[in-house]
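# Remarks on the overall topology
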Amino acid sequence: MNYIILDLEWNQSSTGEEEVCKVLPFEIIEIGAIKLDSSRKKIDEFNELIKPQVYHEMHNFTKNLIHIQMEELENQKSFQEVMNRFRSWWGEDFIFCTWGPLDLIELQRNIRYYELEPIASGPFKFLDVQKLFSIAYEDKKSRKSLEYAIDFMNIEKDIPFHRALSDAYYTAKILENLDEKVLGNYSFDVFHIPASKKDEIRTIFDTGYQEPYIKYISRGFDNKIKAMNDRNIVSTGCFLCNKSIRKKIKWFSPNSKHYYSVSYCDVHGYMKAKIRVRKSEDGQIYVVKTEKFISDEDVKNLQDKKEYTKQHRKEKRIAKSQNHRRRT
């Protein structure tokens, strides 16, 4: 299997007034990629500029960041031509690697806009090298800049940043130097969510770099109510002994987008479940649920959070009722 380290540069509307901004907020103007073999050794690179077809004026931020003039792009190949060449270049047996998840999202938005063959019909695995760096060297939650990571790992800065190929080059350098075990913490691209119940994702992560946890990605629903009434979404079970377990803290939400619960396994202890409600590119509601075992202190913190949420909502209802009485 080869590693395809991808980086993109894109332009956007300088006015924000074009109707197309809603479906193509960022138009790709450069693709840079490094190909590593299964031993993470460089074997090839890909770099092409792209002729704009949507936004013909360079946004000031883009121009100042990457130092590309619109005149440089006018004689380049179209996105369709470059994408076909890029697809042939990356081959068959590969995994995408990016610094953060945005490049894959924008690549697929551009593919959809030009009605090209999609990369995949559903979720697919990729390596978010920014996340892997945090898991290996930081607190597993922070997301640092590419240049910060290069400095941290004492990698020579021998070419400028902020061009597609150079940022792909530096991302590849970081990937080359990561411990093999951390690569097991792959991510899922969900530009296309699971099409049906049988396509839903349920994966256990246990790589030794953090406590084992499970990730579940649901199919799409018409609305949040239907999603939160689905048994697969709201049920919890011990993923280590594969048994149903009783909830000690029932589902609650502090903000209507995140939901939490705590269950208890007689063998493995307290398990926290977290649901994140998301909207897919086609407007459907889906959820990402993670489950992991937590300490007694974590349980207390979640219980306090639930009580605070309950009290806060009670106070808001009282204040709203009082304001209504004053107006009437």
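It should be emphasised that the depicted structure is a prediction, and the values quoted were computed from it without experimental measurement.

## Here's the deal with the overall build of the protein
Secondary structure assignment for the protein yields ten helices and 14 strands. When its C-alpha atoms are laid out on the principal axes, the protein stretches across 65 × 60 × 40 Å. Going through the 328 residues of the protein one by one, you find that 47% of them count as buried. On the protein, roughly 17,900 Å² of surface is accessible, and the fraction owed to carbon and sulfur atoms is 46%. Within the protein, the 50 negative side-chain charges are centred at a point lying 13 Å from the centre of the 55 positive side-chain charges.

## Comments concerning the sheet that holds strand β4 (residues 94-98)
Strand order in the open sheet made by the six strands is β3-β2-β1-β4-β5-β6, with mixed pairing throughout. What marks the edges here is a single partner per strand, and that holds for β3 (42-49) and β6 (187-189). This sheet shows a mean twist of 35° between the axes of neighbouring strands, independent of strand direction. Of the pairings in the sheet, the one linking strand β1 (residues 2-11) to β4 comprises four bridges and is parallel in character.

## Things to note about the pattern of salt bridges
A complete count under the given rule lists 16 salt bridges for this structure. Of the charged contacts, one joins Glu30 and Arg163 as a salt bridge, the two residues approaching to 2.9 Å between their closest N and O atoms. Remark: Arg163 occurs in the loop between α6 (146-152) and α7 (164-177) and Glu30 occurs in strand β2 (residues 27-36); sequence separation between them is 133 residues. Look at Glu30 and you get buried, because its relative accessible area is 2%. Relative accessible area serves as the criterion here: at 27%, Arg163 is assigned to the partly exposed category. Note that Lys198 is salt-bridged to Asp199, the shortest N-O span being 3.5 Å. Given the relative accessible area of 74%, Lys198 is considered exposed. Judged by relative accessible area, which is 30%, Asp199 ranks as partly exposed. One network of salt bridges, with partners in common, ties together Glu106, Arg109, Arg112 and Glu281.

Rules behind the numbers
Residues numbered from 1 in each chain as written. Predicted model: local features only at pLDDT ≥ 70, side-chain atom pairs only at ≥ 80, totals over all residues. Heavy atoms only, no water. Helix = DSSP H or I, 4+ residues; strand = E, 2+ residues; numbered from the N terminus. Buried < 20%, exposed > 50% of the residue type's maximum accessible area, 1.4 Å probe, protein only. Areas by Shrake-Rupley, 256 points an atom, 1.4 Å probe, with all protein chains shown as cover. Lys, Arg positive; Asp, Glu negative; His and termini not counted. Charge placed at Lys NZ, Arg CZ, Asp CG, Glu CD. Pairing = 2+ DSSP bridges. Axes fitted to C-alpha atoms, helices over the stretch in contact; angles between N-to-C directions. Salt bridge = Lys/Arg side-chain N within 4 Å of Asp/Glu carboxyl O.

By themselves, these observations are geometric and do not establish any function.
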